[in-house]
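Geometric and topological summary
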Amino acid sequence: MTESTAARKPRRSAGSKAAGTTGTKAAGTTGSKAGTGAKRTTRTTRTAAERGSDTELVQLLTPEGERVQDAAHAEYAGYVADITPDELRGLYRDMVLTRRFDAEATALQRQGELGLWASLLGQEAAQIGSGRATREDDYVFPTYREHGVAWCRGVDPTNLLGMFRGVNNGGWDPNGNNFHLYTIVIGSQALHATGYAMGITKDGADSAVIAYFGDGASSQGDVSEAFNFAAVYNAPVVFFCQNNQWAISESNEKQTRVPLYQRAQGFGFPGVRVDGNDALACLAVTRWALERARRGEGPALIEAYTYRMGAHTTSDDPSRYRHDDERAAWEAKDPILRLRRFLESSNHADDGFFGELEAESEALGKRVREVVRAMPDPDRFAIFENVYADGHALVDEERAQFAAYQASFADAEGV
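Residues numbered from 1 in each chain as written. Predicted model: local features only at pLDDT ≥ 70, side-chain atom pairs only at ≥ 80, totals over all residues. Heavy atoms only, no water.

1. Digging into empty space enclosed by the protein
Under the defined criterion, the tally for this structure stands at three cavities of 30 Å³ or more. What lines the largest cavity is simply Phe 213, Ser 218, Val 223, Ser 224, Phe 227, Cys 241, Leu 260, Arg 263, Phe 267 and Leu 301. Mapped onto the lining of the largest cavity, the elements with two or more residues apiece are α8 (221–232) and α9 (263–267). Element by element, the count of residues in the lining of the largest cavity is highest for α8, at three residues. (1 Å grid on protein atoms, 1.4 Å probe; cavity = no way out; pocket = protein on both sides within 12 Å on 5 of 7 lines; lining within 4 Å. Points joined across faces, edges and corners; volume = space filled by probe spheres on them. Helix = DSSP H or I, 4+ residues; strand = E, 2+ residues; numbered from the N terminus.)

2. Some words on the pairing of strand β7 (residues 271–275)
For β7, a buried count of five out of five residues is recorded, marking the element as mostly surrounded by other parts of the structure. Residues Gly 271, Arg 273 and Asp 275 line one face of β7 and the alternating positions Val 272 and Val 274 line the opposite face, and both faces are buried. Both strand β1 (residues 57–58) and β7 contribute to a ladder of two bridges, which runs parallel. Across the sheet, Val 58 pairs through a bridge with Val 274, a residue of β7. Sheet topology note: the β7/strand β8 (residues 300–305) ladder contains five bridges and is parallel. When the bridges of β8 are listed, Asp 275 appears paired with Tyr 305. Chirality of the crossover, the property in question, places the unit of β7, helix α10 (residues 279–294) and β8 among those that are right-handed. (Buried < 20%, exposed > 50% of the residue type's maximum accessible area, 1.4 Å probe, protein only. Pairing = 2+ DSSP bridges. Right-handed = clockwise from strand over helix to strand, strands pointing away.)

3. Thoughts on the sheet that holds β7
Spatially, six strands are ordered β1-β7-β8-β4-β3-β2 in an open sheet, and the strand pairing comes out parallel. Of all the strands in the sheet, just β1 and β2 (139–141) have a single pairing partner and so form its edges. Across three bridges, β2 lies against strand β3 (residues 209–214) in parallel orientation. Bridging across to β3, Val 140 finds its partner in Ile 210. Along the sheet, helix α3 (residues 124–131) contacts β3, β4 (237–243) and β8; its crossing angle with β4, the most-contacted strand, is approximately 165°. Together, β3, β4 and β8 form the strand contacts of α8, whose direction differs from that of β4 by roughly 150°. (Contact = heavy atoms within 4.5 Å. Axes fitted to C-alpha atoms, helices over the stretch in contact; angles between N-to-C directions.)

4. Some remarks on the packing of aromatic side chains
Scanning the model with the defined rule gives 25 aromatic pairs in all. Ring geometry for Trp 172 against Tyr 182: centres 5.6 Å apart, planes inclined by 80°, an arrangement best described as edge-to-face. Taken together, the residues Trp 172 in the loop between α5 (161–165) and α6 (174–177) and Tyr 182 in the loop between α6 and α7 (188–203) connect sequence positions ten residues apart. There is no split in this pair, since Trp 172 and Tyr 182 are both buried. A ring pair is formed by Phe 179 and Tyr 182, whose centres lie 6.3 Å apart and whose planes are at 65°; its orientation type is edge-to-face. By relative accessible area, which is 7% here, Tyr 182 ends up buried. An aromatic cluster is present here, built from Phe 213, Phe 227, Phe 239, Phe 267 and Phe 269 joined pairwise through their rings. The ring of Trp 330 carries Lys 333 above its face, with NZ or CZ at 4.3 Å from the centroid. When the ring centre of Phe 354 is taken as origin, the NZ or CZ atom of Arg 340, which lies over that ring, is 3.8 Å away. (Phe/Tyr/Trp six-rings, centres within 6.5 Å; stacked < 30°, edge-to-face > 60°. Lys NZ or Arg CZ within 6 Å of the ring centre and 35° of its normal.)

5. Observations regarding the pairing of β4
Within β4, seven of the seven residues are buried, which leaves it mostly tucked inside the rest of the structure. The alternating pattern of β4 places Val 237, Phe 239, Cys 241 and Asn 243 on one face and Val 238, Phe 240 and Gln 242 on the opposite face, and all of these are buried. Across six bridges, β3 lies against β4 in parallel orientation. Bridged to Gly 214 within β4 is Gln 242.

6. With respect to the side chain of Asp 278
Within the element layout of this structure, Asp 278 appears in the loop between β7 and α10. Buried and unpaired, Asp 278 has Arg 338 as its nearest opposite-charge partner, separated by 4.6 Å. Within the structure, the side chain of Asp 278 is placed 3.1 Å from the backbone nitrogen of Ala 281, a separation counted as a polar contact. Not counting residues up to four positions away in its chain, the partners in contact with Asp 278 are Gln 59, Leu 60, Leu 61, Ala 125 and Arg 338. (Lys, Arg positive; Asp, Glu negative; His and termini not counted. Salt bridge = Lys/Arg side-chain N within 4 Å of Asp/Glu carboxyl O. Polar contact = N/O pair within 3.5 Å; in protein donor to acceptor, adjacent residues only side chain to side chain.)

As structure tokens, this is what we get:
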């Protein structure tokens, strides 16, 4: 169980370097403004931004890489009004390196080095934009696809691969980065996040919690229960739904009759749909939601409208349930290409930056391959550790039985 912490030092920039060339350097400075530390109060009258249904899709950067000047979204735009060229390059770098890591992990699975992999291809903007909106003292509850968010929280990407290789059950200390272990059970992390957020309120801290889940998980009862508890107890939690259009092979049309963000209205808190392929919009909307949570104004639901360009996992074949032209239409909205176009048209990045980032990307891929192949086999008896805080007679008995079973193989070999 994760331990609630009242406050931590300001978050380090994940892998930050000076930026100056192609968007591939550390970004970390795009985190949200520090909270005011104001006492939590009951919710106040909602602003136009909170009434997420007024204008359906929040977009600040078009697929062509042009800034959107839309008065309806001016309130959100204010959350990134002071973003610097260095921070923009950082967002780009984060997305490029996350995609490179993801591609390497997919290749490693195909080569038999991993048992399974869940790709985030196409969802980089949703994850990097929202991840960079968090503060270090915020707490993140992911599913099993939030590789970009893990990157933003400073988790070494190679640590994400241990579970998929079968050498551990996670590979990192959740409290070291305020980033919970990956959750395989669909939707349960929404309840974990809500309970943790309720604990934060009792601690008197001004931090917030963010829970990630997909459109498929939104059909789980755990998510609805989390919504209800969060609303009733005014918990400082942001529910971030990455709507990638497909719950494995089930399309949105077979899951819901209303846009997912509108579900929040029935529970009494605001819901917003954001262009999930627009890193700038995802950063702005998540900053807005986290800051209102820290002020004591309760939960919010963000639906990042995006697309899973790859398979659900490496055991899936998307060609059996969707058409190539659908993917082609979404590839035209590629989140990385979109931000690159903006950087180039604004003269915020040059060929040197992009070239340096490409070299860094290749170096990351090489490191991931080397680390994965060097991972040791797990200790067979580790499964009996950390089951209880103290010793337990039944666990001791099971450990002894397992030891005898293992020893029987050695006896057989000696015959």
